[in-house]
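# Fold and geometry: a report
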Amino acid sequence: MPLESCMILLDNSEFMRNGDYLPSRLDAQSDAANMIVNQKTQSNPESTVGVISMSSTGPASGAELLVSPTDDLGKILGALHKVPLCGKMVVGKDAVDVAASVQVATLALKHRRNKNGSQRIVLFVGSPLSHADTKGLVKAGKQLKKNNVFIDVIVLGEVEENEPKLRELVDAANGTSNEEGERNCHLVTIPAGVLPSDVLISSPILAGDGGVTMGGGGGGGDAFAEYGGIDPNMDPELAMVLRVSMEEERARQERAAAAANEAKEGEESKTEGGGEGGNAAMEDMSDEDALLQQALAMSMAESQPSSEEAAGADTAMDIADVDDDAAMQMALQMSMQTEESSEGATASGGQFQDPAFVSNLLGSLPGVNPDDPAIQEALRKAKEDEDNKDKDKK
Amino acid sequence: MMNAATAAGGASEPAPAEDGNSLIDLSTILDKSACYARNENAGFPWGNLFIGDSRLGMRSDADEQLIIHLSFQEFVRVKSIKFNEYNNGADPELNPVKVHIHINRNNLGFEDIEDVDPAQTITLTAADLKESSNPIELYFVKFQRVKSLTFYIDENEGGDITAIGGLRIMGKTVATTNMKDFKKQG
């Protein structure tokens, strides 16, 4: 995982006394925060983590910075431990002000020491946001995006009420213009009764590039999660391969929902592309595969006309923009010609005059259809040329 | 002592300038770890500005505003700057227009950059952004002891985002001790 500065925003309002997560929301939250801190600090030695509690006992009762971003694990864990339950309930106001707390976190991130690396906020919300308006949250999300800050939101309880609002925040922070579909901000909802750290370990928040960690274990984060649990120092190639395949898998999973109808189109294009593709047996084919198929079909279509030209015995043809396939075929054709002309023998020439042999040979080449009228034409021409040459010799 | 140093410098260099330094491209002495940009598109980061290919430029992400903070390894004097258009001017809507320049301000973000007075504000025209046009001269007196420059691109030609093809900062270093000038004694 790359270098990152991360602020963890903890909800410590009175709602966190709720026992729907064991032993209580607050303890479940600090367990999860603990795991995130471990994962962040271990993934890169220079990564820093800070902690903010979203309600405080002071007169302001707003967000309070407990630790500014640091790589000192002891300091962070110490702060996580002594987060007290506090906060006053004011009629007409939420227990925590998410938008304001996020701004405090942005400010803390802005003054971080190491300006390299990305900035991230991990936000825990366990109290109902009945008064927070979506507009304010969207505005906060846009501000985050403009400041190049990523945000991960973890919803602990009050799901029905909070999730839509917080999703707006995350969507705004992701931005709609991001056409590559790369989403750096995530929202994770923890169902009641489940240990949050169990959900987080396999969520994109912790797994980062990996999506699903393999054998991550319940306690601490897996240091080599992005390499599928393989130490990249021990076996760099295997680790790289695992990482690439995990990235692909994650991309597939993230697009799976949106790709439902695209996959159907992909199915059609696959049938067009013919059986050359190989992995035709994949039932849950993603649009990525479909794209690959399309690309394959297109490259074949491209190589077709060039191979026709090659068959046309046009040796002076410029091969600059011809792909490998076609170039190889042309080389083959050229070598055949030189063979024919140097030997001048009808024996080898005759072999290529044999239409059955030629169509067989062409059929065995990838992407060449021997029944193609253009190829037939080219073959006929080549034969004529050959006859003319023979006449010249005589 | 001073004379000896300049004489030695003049003898070794073919084209001596007064104070031993002429105008140089200051991008060579950037302290890259202290530079940052706000609202940059991750695919088109600020580092692209100094590659020299206008197709590899920098773009803003969420809207047209952009903050580029450049920190130097030592104090410099900045004489002139030159913005180049993105992709040889293929999309003139993305050109920056109003650029505020701040000197030696660290940690400026979009929240507070409007609250501080810039050292200079320049307005770029399409002609200024052409590769061949002359760089824009700054108020040289104000840029005598510069450790960092912050460019705040406030407005562009009307596009959704801003794109810049390249940036050149010309200036000289403030005379500091150059260890190369020390000769072994005896």
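Throughout, residues of each chain are indexed from 1 in the direction in which the sequence is written. To label them, take the chains in the order written and letter them from A, then take the ligands in the order written and number them from 1. Since the coordinates come from a predicted model, pLDDT governs what is reported: local features require at least 70, and pairs of side-chain atoms require 80 or more to be given and counted, while whole-chain, interface and lining totals use all residues. Note: side-chain values were computed over all heavy atoms of the structure, leaving out hydrogens and water.

For the rest of this paragraph, the subject is the overall build of chain B. Only DSSP runs of H or I reaching four residues or more are called helices, and only runs of E reaching two or more are called strands; each is numbered from the N terminus. In terms of helices and strands, chain B carries 1 helix and 9 strands. Starting at the N terminus, the α and β elements of chain B follow one another as α-β-β-β-β-β-β-β-β-β. Buried, partly exposed and exposed residues are distinguished by accessible area as a fraction of the type maximum, computed with a 1.4 Å probe on protein chains only: under 20%, between the cut-offs, and over 50%, respectively. Burial statistics for chain B: of 186 residues in total, 44% are counted as buried. Summarising the internal contacts of chain B: among those between residues at least 6 apart in sequence, 79% fall at separations of at least 24. The method behind every accessible area is Shrake-Rupley, applied with a 1.4 Å probe, and residues are considered shielded solely by the protein chains displayed. Just so you have it, chain B exposes about 9700 Å², and 50% of that area is on carbon and sulfur atoms. Two residues qualify as a contact provided that any one of their heavy atoms is within 4.5 Å of a heavy atom in the partner residue.

The geometry of an aromatic ring pair is captured by the separation of the ring centres together with the interplanar angle, meaning the angle of the planes. Residues and elements named next belong to chain B. Only centres within 6.5 Å qualify two rings of Phe, Tyr or Trp (six-membered ring in Trp) as a pair; their planes then separate them into stacked at under 30 degrees, edge-to-face at over 60, and tilted for everything else. Across all of its chains, the model carries 3 aromatic pairs over all chains by this definition. Note on Phe44 and Tyr86: the rings are 6.4 Å apart at their centroids and 80° apart in plane angle, and the pair reads as edge-to-face. With a gap of 42 residues between them, Phe44 in the loop between strand S2 (36–38) and strand S3 (58–59) and Tyr86 in the loop between strand S4 (66–85) and strand S5 (96–103) connect regions that are remote in the sequence. Among the residues examined, Phe44 registers a relative accessible area of 22% and is labelled partly exposed.

On the surface, a cluster of negative charge is made up of Asp91(B), Glu93(B), Glu157(B) and Asp160(B). By the element assignment, Glu93(B) lies in the loop between S4 and S5. Patch criteria: residues need more than 30% relative accessible area and no salt bridge. Like-charged residues are merged within 9 Å; nonpolar side chains of Val, Leu, Ile, Met, Phe, Trp and Tyr are merged within 5 Å. Salt bridge, as used here, is a side-chain nitrogen of Lys or Arg placed within 4 Å of a carboxyl oxygen of Asp or Glu. His is not counted, nor are the chain ends, whereas Lys and Arg count as positive and Asp and Glu as negative. A single reference atom marks each charge: NZ on Lys, CZ on Arg, CG on Asp, CD on Glu.

What follows concerns the interface of chain A and chain B. Listed by partner, the interface residues are 12 residues for chain A and 17 residues for chain B. Defined here as a combined quantity, buried area equals the accessible surface (1.4 Å probe) lost by two parts on assembly, summed across both. Across the chain A/chain B interface, buried area totals approximately 1300 Å², and carbon plus sulfur atoms make up 38% of it. Of all residues in chain A, Lys110(A), Lys115(A) and Lys146(A) give up the largest surface area on contact with chain B, accounting jointly for 49% of the area buried on that side. Summed over the shared surface of chain A and chain B, the result is 4 salt bridges. Here Asp112(B) ties to Lys110(A) by a salt bridge, and the two come within 2.6 Å at their closest N and O atoms.

So, on to the sheet that holds strand S3 (residues 64–70) of chain A. Residue and element names in this part refer to chain A. The sheet built from 6 strands is open, its strands ordered S3-S2-S1-S4-S5-S6 with mixed pairing. Both edges of this open sheet fall to S3 and strand S6 (186–190), since each of them pairs with a single strand only. The sheet shows a mean angle of 15° between the axes of neighbouring strands, taken without regard to direction. Looking at chain direction, strand S1 (residues 4–10) and strand S2 (residues 48–53) are connected through 6 bridges and run parallel. Its bridge partner being in S2, Leu9 is matched across the sheet by Ile52. Note on geometry: axes are lines fitted to C-alpha atoms, helical ones only across the stretch in contact, with angles between N-to-C directions running from 0 to 180 degrees. Set on the sheet, helix H2 (residues 73–81) makes contact with S1, S2 and S3; between it and S3 the angle comes to about 160°. Following DSSP output, two strands are said to pair if at least two bridges run between them.

All names here are of chain A. Running from amino to carboxyl end, helix H1 (residues 25–43) crosses H2 at an angle of 170°, the nearest separation of the two axes being 10 Å. The angle between the axes of H1 and H2 places the two elements in the roughly antiparallel class. Crossing geometry of H1 relative to H2 is assigned as right-handed. Seen from H1, the contacting residues are Ser30, Ala33, Asn34, Val37, Asn38 and Thr41; seen from H2, they are Leu73, Ile76, Leu77 and Leu80. Gly is put with the polar residues, along with every residue not named as nonpolar or charged; the nonpolar set is Ala, Val, Leu, Ile, Met, Phe, Trp, Tyr, Cys and Pro, and the charged set is Asp, Glu, Lys and Arg. Taken together, the residues of the contact of H1 with H2 break down into 6 nonpolar, 4 polar and no charged. When describing relative orientation, an angle under 35 degrees is termed roughly parallel and one over 145 degrees roughly antiparallel, while 65 to 115 degrees is termed roughly perpendicular and anything else oblique. We call a crossing left-handed when the near helix sits turned anticlockwise from the far one by less than a right angle, and right-handed when that turn is clockwise.

To continue, consider the pattern of salt bridges. Residues and elements named next belong to chain B. Overall, the coordinates contain 17 salt bridges over all chains when judged by the stated rule. Note that Lys79 and Glu137 form a salt bridge whose closest N and O atoms lie 2.9 Å from each other. Here Glu137 lies in strand S7 (residues 136–137) and Lys79 lies in strand S4, a separation of 58 residues in the sequence. What makes Lys79 partly exposed here is its relative accessible area of 27%. Given a relative accessible area of 48%, Glu137 falls into the partly exposed group. Close ionic contact of Lys130 with Glu85 constitutes a salt bridge, the shortest N to O distance being 3.7 Å. Of this pair, Lys130 sits in the loop between strand S6 (120–123) and S7 while Glu85 sits in strand S4; the two residues are 45 residues apart in sequence, bridging distant segments of the chain. When its relative accessible area of 40% is taken as the criterion, Lys130 is described as partly exposed. Of the residues examined, Glu85 reaches a relative accessible area of 9% and is grouped as buried.

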